[in-house]
Amino acid sequence: MAVHASNARPPRRSVHNVALYGESGEQPAWADLVHIERIPERSSLFDWEIDLHFHDALIQVLYVTRGGGEALIDEVRWTLEPPCLIVVPARSVHGFSFHSDVDGPVITAAQKPLESLAAIAAPELLRHIHRPVVLRVDPASRHAQSLMPLFDAIDRESQVHTAGRVAAGMSLLVALFVQIARVGEVAQSAVENARTRKAAQIERFRALLDERFRRREPTQRYADALGITLGQLTRLCREVLGVSTQDAVNARVVHEAQRELVYSSLGIKQIAAELGFEDEAYFGRFFKKHTGHRPTEFREMARRQLAAR
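Throughout this description, residue numbers start from 1 for each chain and increase along the sequence as written. Reporting in this predicted model follows two pLDDT cut-offs: at least 70 for local features of residues, and 80 or more for side-chain atom pairs to be given and counted; totals over whole chains, interfaces and linings ignore these cut-offs and use all residues. The side-chain figures draw on all heavy atoms in the structure; neither hydrogens nor water molecules are used.

Draft legend 1. Structural context of the overall build of the protein. Strands here are runs of E lasting at least two residues and helices are runs of H or I lasting at least four, both read from the DSSP assignment and numbered beginning at the N terminus. Summing up its helical and strand segments, the protein has 12 helices and 11 strands in all. Each residue is assigned to one of three classes by its accessible area relative to the maximum for its type, calculated with a 1.4 Å probe on protein chains only: buried under 20%, partly exposed between the two thresholds, exposed over 50%. In the protein, which comprises 309 residues, the share counted as buried stands at 44%. Any two residues whose heavy atoms approach within 4.5 Å at even a single point are treated as in contact. For the protein, long-range pairs separated by at least 24 residues make up 73% of all intrachain contacts whose partners lie at least 6 apart in sequence. Here the open area of atoms and residues is found with the Shrake-Rupley method and a 1.4 Å probe, where only the protein chains shown may cover a residue. Split by element, the accessible area of the protein, about 16400 Å² in all, is 50% carbon and sulfur.

Here is the structure:
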C-alpha cells in the first residue's frame, strides 16, 4: 500500500537543480542513458541526509530493501519502511533522510525518452511516471518477486557499452514501471479492502452499542464481542468515528438520555435506571459533564424549543 504521508512544508531555503544529488545541474553526457547504483553509494557521502533538490529532466526510482528513513517529495513527507518503492518524477522537489543501514538500488533516467516509449507501448503507465509516490511492497507477492530481477537486468545493461544499450535500458525501465503499476494496484486494492473491513467492523460495533449501551458495560466487552483487542477497537473508533471507544459509548448513552428527557414522561430517576445508572445523582453528573446542563434543565429547555416551533 502507499505508505503514510503527511503534508509538511519545509523551511524556506534554496532548492538546487542537480543532475544527481550533489552534481552540477548541467546536463551530463550520460543523461540519455539509464543509470543505476546502490542507495548508499551517494547517500553515505552526505551522512545519509540528502537536501531538498530537483532534477530538471531526470526521473528516479528507488527500491529500499533495507534500512528505511523518510522522504520529502513536493512538500509531502513519507515514511520509508522496507521494502518500498519510491518514484520521483522530473522537477519534483525532494530530499531524503536515510537510516545508516539503508540499501537498495536507485535508477536515474531521462524522463522524456521513457515517456515517449511508454506512450507507444503502454500509455496507462504515464500516470505512474508523472506521479510521485512511495509504495510499500509485499515481499510475498508475485509482482514483488519480479522487481529485483528487473533492477539487476537494468544494472547489467547499463554496463554494456555497445549498440542498442539505450533502447534496451529504456525497454527494461518500461517493464519495471509495469511492475510498479501492478504493485500500486495491489496496494490500492488492499487499502479498499481494509476500508471495507473497517466499515463492516464499525457497523457491527454500532449494532452492539444499540443492543448493550443500557448495560453500562466496560469497553473490553465490546472488543471481545467483535473478536478484536481493545487497542484495535480504539484505533478503529478513532480512525472512523474520530473519538475513543468510551466516548462513542458515552455519546450513545447521552443521545438516548436526551430522547427520553424530551419525548417520554419518565422521571429523572426512572431514566437513570433505564440507562443503567445506579442512582439519579450519578446520572445527573454524567449528563451535565457531556451536555453542560442538568437533566431537568435540558428537559425544560428542549420542550420550550419544541413548543415554539
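Having seen the model, we can carry on.
Draft legend 2. Representation of unusual backbone geometry within the structure. Put simply, Pro82 and Pro83 share a cis peptide bond, and its omega is -5°. Inspection of the secondary structure puts Pro83 in the loop between β7 (76–80) and β8 (84–88). For Asp47, which is not glycine, the phi torsion reads 60° and is therefore positive. On the secondary structure map, Asp47 appears in the loop between α1 (39–43) and β4 (49–54).

Draft legend 3. Summary view of the packing of aromatic side chains. Working definition: a ring pair exists when centres of Phe, Tyr or Trp rings (six-membered ring for Trp) sit within 6.5 Å. Plane angles under 30 degrees give stacked, over 60 give edge-to-face, the rest tilted. Inspection of every chain in the model, using the stated rule, returns 8 aromatic pairs. Taken together, a centroid distance of 5.1 Å and an interplanar angle of 50° make the contact between Phe277 and Phe286 tilted. For the pair Phe277 and Phe286, one class covers both residues: buried. Site record: aromatic cluster; members linked through ring pairs are Phe277, Tyr282, Phe283, Phe286, Phe287 and Phe298. Just above the ring of Phe213 sits the side chain of Arg252; from NZ or CZ to the centre is 4.2 Å. For a lysine, the NZ atom is tested; for an arginine, the CZ atom; a charge sits over a ring if that atom is within 6 Å of the ring centre and within 35 degrees of the ring normal.

Draft legend 4. Examining the pattern of salt bridges more closely. Salt bridge, as used here, is a side-chain nitrogen of Lys or Arg placed within 4 Å of a carboxyl oxygen of Asp or Glu. This structure, assessed with the given rule, holds 18 salt bridges. The shortest N-O distance in the salt bridge between Arg212 and Glu217 comes to 3.4 Å. Each member of the pair, Arg212 as well as Glu217, carries the same accessibility label: buried. Ionic pairing is found between Glu256 and Arg252, a salt bridge with its closest N-O pair at 3.4 Å. One end of the pair is Glu256 and the other is Arg252, both in helix α9 (residues 245–263) and 4 residues apart, which spans about a single turn. When sorted by exposure, Glu256 lands in the same class as Arg252, which is buried. Overlapping salt bridges, with partners in common, bring together Asp210, Arg214, Arg252, Glu256, Arg259, Glu260 and Glu274 in one network.

Draft legend 5. Region of interest: the side chain of Ser141. Among the secondary structure elements, Ser141 is positioned in the loop between β11 (133–136) and α4 (142–145). According to the relative accessible area criterion, Ser141 is buried, its value standing at 17%. Contacts described as polar in this section are N or O atom pairs within 3.5 Å, which, within protein, must combine one atom able to donate a hydrogen with one able to accept it, while residues neighboring in sequence count only if both atoms come from side chains. Within polar-contact distance, the side chain of Ser141 engages the backbone oxygen of Asp138 at 3.0 Å.

Draft legend 6. Examining the environment of Ser92 more closely. If you trace the backbone, Ser92 turns up in the loop between β8 and β9 (94–98). For the pair Ser92 and Leu58, spaced 34 residues apart in sequence, the C-alpha separation works out to 9.8 Å. Apart from residues lying up to four places away in sequence, Ser92 is in contact with His53, Phe54, Ile73, Asp74 and Pro132.

Draft legend 7. Seen up close, the sheet that holds β8. A pair of strands is considered paired only if DSSP assigns at least 2 bridges between the two. Taken in spatial order, the 5 strands line up as β3-β10-β5-β8-β11 in an open sheet, and their pairing is antiparallel. Looking at the sheet topology across the chains shown, the edges are occupied by β3 (34–38) and β11. The sheet shows a mean angle of 15° between the axes of neighbouring strands, taken without regard to direction. In terms of strand pairing, β8 meets β11 through 4 bridges, oriented antiparallel. Bridge pairing in β11 links Leu85 to Leu135. With axes taken as lines fitted to C-alpha atoms, and helix axes fitted only over the stretch in contact, angles between N-to-C directions fall between 0 and 180 degrees. Sheet contacts for helix α2 (residues 111–121): β5 (58–64) and β10 (105–110); angle to β10, the most-contacted strand, approximately 85°. Helix α5 (residues 147–158) contacts β3, β5, β8 and β10 of the sheet and is inclined by roughly 115° relative to β3.

Draft legend 8. Looking closely at the nonpolar core. Here, nonpolar core means buried Ala, Val, Leu, Ile, Met, Phe, Trp, Tyr and Cys residues that are tied together by side-chain atoms lying within 4.5 Å of each other. Formed by 48 residues in total, the largest nonpolar core has its most connected members in Leu85, Ile86, Phe98, Ile107, Leu173, Leu176 and Phe177. In terms of residue count, the dominant contributor to this core is helix α6 (residues 165–212) (8 residues). In this structure Leu176 touches Val61, Ile107, Leu147, Leu150, Phe151 and Ile154, once residues within four positions along its chain are discounted. One finds Leu236, Cys237, Ala257 and Leu261 within the second-largest nonpolar core, a separate group that totals 29 residues.

Draft legend 9. Highlighting α5. Between the first and last residue of a helix there are one fewer steps than residues, each counted as 1.5 Å, and that sum is the expected span. With 12 residues, α5 extends 17 Å from end C-alpha to end C-alpha; this agrees with the ideal 16 Å at 1.5 Å per step. If you check which residues of α5 are buried, you get Leu147, Leu150, Phe151, Ala153 and Ile154. End-on view of α5: buried residues confined to an arc of 160°, all on one side of the axis. Throughout, the arc means the angular range of directions from the helix axis out to the C-beta atoms.

By themselves, these observations are geometric and do not establish any function.
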